[in-house]
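Structure assessment
Residues per chain are reported as follows:
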Amino acid sequence: MAVPNPEELRKLQESFRKKKQTCFILGASGETGKDLLAEMLRQQLFSRVTLIGRRKLDLEGPLYTNVCQEVVDFEKLDESAAVFQGHDVGFCCLGTTRAKSGAAGLIRVDRDYVVHSANLAKAGGCRHFILESGACADKTSILLIRRVKGEAEAGVTAAGFDHCTIFRPALLLCDRQESRPLEWLARKVVVHVFPKVFSVPTVTVARAMLNSVVIPGKDGQKVEVLDNATIHVLGEIE
Ligand SMILES: NC(=O)c1ccc[n+]([C@@H]2O[C@H](COP(=O)([O-])OP(=O)(O)OC[C@H]3O[C@@H](n4cnc5c(N)ncnc54)[C@H](OP(=O)(O)O)[C@@H]3O)[C@@H](O)[C@H]2O)c1
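Residues numbered from 1 in each chain as written. Predicted model: local features only at pLDDT ≥ 70, side-chain atom pairs only at ≥ 80, totals over all residues. Heavy atoms only, no water.

1. As for helix H1 (residues 6–18)
- Compared with the 18 Å implied by 1.5 Å per residue over 13 residues, the 19 Å span of H1 between its first and last C-alpha is a close match.
- Taken together, the buried positions of H1 are Leu 9, Gln 13 and Phe 16. The buried side chains of H1 occupy one side of the element, clustering within an arc of 65° when seen end-on. Opposite the buried face of H1, by more than 90 degrees, sit the exposed residues Lys 11 and Lys 18.
- The N-terminus of H1 is capped by Asn 5, whose side-chain oxygen sits 3.1 Å from the backbone nitrogen of Glu 7.
- Looking one or two residues past H1, Lys 20 carries a phi angle of roughly 50°, positive in sign. (Helix = DSSP H or I, 4+ residues; strand = E, 2+ residues; numbered from the N terminus. Expected span 1.5 Å × (residues − 1). Buried < 20%, exposed > 50% of the residue type's maximum accessible area, 1.4 Å probe, protein only. Arc of directions from axis to C-beta. Polar contact = N/O pair within 3.5 Å; in protein donor to acceptor, adjacent residues only side chain to side chain.)

2. With respect to the layout of surface pockets
- Approximately 340 Å³ is the volume attributed to the second largest pocket.
- Forming the walls of the second largest pocket are 24 residues, and the residues nearest its centre are His 128, His 163, Val 213, Ile 215 and Pro 216.
- Sorting the residues of the lining of the second largest pocket by element identifies H1, strand E6 (163–167) and helix H7 (202–214) as the ones contributing at least two each. (1 Å grid on protein atoms, 1.4 Å probe; cavity = no way out; pocket = protein on both sides within 12 Å on 5 of 7 lines; lining within 4 Å. Points joined across faces, edges and corners; volume = space filled by probe spheres on them.)

3. Considering the pattern of salt bridges
- Counted under the stated rule, the structure contains 14 salt bridges.
- The partner of Arg 108 in a salt bridge is Glu 75, with the nearest N and O atoms 3.1 Å apart. Here the residue Arg 108 occupies a position in helix H3 (residues 98–123), and Glu 75 occupies one in the loop between strand E3 (67–71) and strand E4 (89–92), the gap between them amounting to 33 residues.
- Taken together, the shared-partner salt bridges in this structure form one network comprising Glu 75, Arg 108, Arg 111, Asp 112, Arg 147 and Glu 151. (Salt bridge = Lys/Arg side-chain N within 4 Å of Asp/Glu carboxyl O.)

4. A word on the packing of aromatic side chains
- The tally for this structure, following the rule as stated, stands at six aromatic pairs.
- Ring geometry for Phe 24 versus Phe 84: centroids 5.7 Å apart, planes at 80°, classification edge-to-face. Of the two residues, Phe 24 is situated in strand E1 (residues 22–26) and Phe 84 in the loop between E3 and E4; the sequence distance between them amounts to 60 residues.
- A relative accessible area of 0% places Phe 84 in the buried class. (Phe/Tyr/Trp six-rings, centres within 6.5 Å; stacked < 30°, edge-to-face > 60°.)

5. Comments concerning the environment of Leu 37
- Along the polypeptide, Leu 37 turns up in helix H2 (residues 31–43).
- Separated by 113 residues in sequence, Leu 37 and Gly 150 place their C-alpha atoms 25 Å apart.
- In this view, Leu 37 contacts Ile 25, Val 49, Leu 51, Leu 59, Tyr 64 and Val 67; residues no more than four positions away in its chain are not counted. (Contact = heavy atoms within 4.5 Å.)

6. Considering the site of the ligand
- Taken together, 25 residues sit near the ligand, with Ser 29, Thr 32, Arg 54, Leu 94 and Arg 176 positioned nearest.
- At 3.4 Å from an oxygen atom of the ligand is found a main-chain nitrogen or oxygen belonging to Gly 27.
- Of all the secondary structure elements, the ones that give two or more residues to the shell around the ligand are H2, H3 and strand E7 (171–173).
- Taken together, the residues that form the shell around the ligand break down as nine nonpolar, seven polar and nine charged. (Near = heavy atom within 4 Å. Nonpolar A, V, L, I, M, F, W, Y, C, P; charged D, E, K, R; others polar.)

7. Quick look at the nonpolar core
- The biggest cluster of nonpolar side chains holds 35 residues, and the ones touching the most others in it are Ile 25, Leu 36, Met 40, Phe 46, Val 49 and Phe 91.
- Broken down by element, this core gets its largest block of residues, seven residues, from H7.
- When residues no more than four places from it in sequence are discounted, the contact partners of Ile 25 are Leu 36, Leu 37, Met 40, Val 49, Thr 50, Leu 51, Ile 52 and Phe 91.
- Within the second largest apolar cluster, 25 residues are counted, among which are Val 109, Phe 129, Val 156 and Cys 164. (Core = buried A, V, L, I, M, F, W, Y, C linked by side-chain atoms within 4.5 Å.)

8. A few points about a nonpolar patch on the surface
- A grouping of Trp 184, Leu 185, Val 189, Val 193, Phe 194, Val 197 and Phe 198 is seen on the molecular surface, where their side chains present a nonpolar patch of about 720 Å² in accessible area.
- Those elements that place two or more of their residues in the nonpolar patch are helix H5 (181–190) and helix H6 (195–198).
- Mapped onto the secondary structure, Val 189 falls in helix H5.
- Take Val 189: its relative accessible area is 46%, and that puts it in the partly exposed class. (Patch = residues over 30% accessible without salt bridge, like charges linked within 9 Å, V, L, I, M, F, W, Y side chains within 5 Å. Areas by Shrake-Rupley, 256 points an atom, 1.4 Å probe, with all protein chains shown as cover.)

9. Thoughts on H5
- Among the residues of H5, Glu 183, Arg 187 and Val 190 are the ones counted as buried. Angularly, the buried residues of H5 cover 80° about the axis, an arc narrow enough to put them on a single face. Those residues of H5 that are exposed and angled more than 90 degrees off the buried face are Pro 181, Leu 182 and Trp 184.
- Buried residues in H5 make contact with E7, H6 and strand E8 (199–201).

See the structure below:
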């Protein structure tokens, strides 16, 4: 992906707005998802934003006029196929941890829910799917989290979107309320040691996701995989 200068980006955003595209977000209640929604509303890139999640979020006020919410049962996602119809772009920031959901739960959320959602979105007409994966993704790995992320990437890629952008951030920097001691410790360390190599703020990921939608991909390149360094470059255009 060719990275434009700020003036070029503003022109691309302006022409994107005129297309009046619609999108959905999976995982809008999470740390990246919250920043993505906030940044999306600030930039007003989409004419309608649908949040698809397992619970309704408390979003009141004029800022959210173009936001609608769909509560789904991810274990019976086919019953909610209609919710995935008619979106131009889909963003997926879903995920859990092994500590929170166990190994089976991690596979279910980070791979099965993600791939199932992608397939329903594709069937519903979505053309560009943006997946937040992880720096460690590797479908051949013997380590569960790496393998699950790699398998999710493969499943989403196989759905056959016109464009698919896979984000592979390193440690996410955010003000997380949930207790994740290892993540907390890693954050304390990486901010002092090569922070741009080993970490990235969720707001930078969110901005990079939006920029990846407005910046045209290379001709003929259906799937793009963005590593942590590229996410920094793409998300920090001022
Ligand atoms: N943590 C890191 O440092 C790191 C680094 C690289 C990549 N990643 C990946 O980046 C993605 C986003 O991470 P994040 O930290 O921003 O996310 P997060 O704060 O953990 O939020 C996860 C989202 O997934 C939803 N979710 C979790 N379990 C669910 C379930 N059983 N059914 C339905 N929805 C469920 C949550 O909904 P509720 O609010 O309803 O729970 C929330 O919206 C994840 O795929 C993660 O693996 C994380």
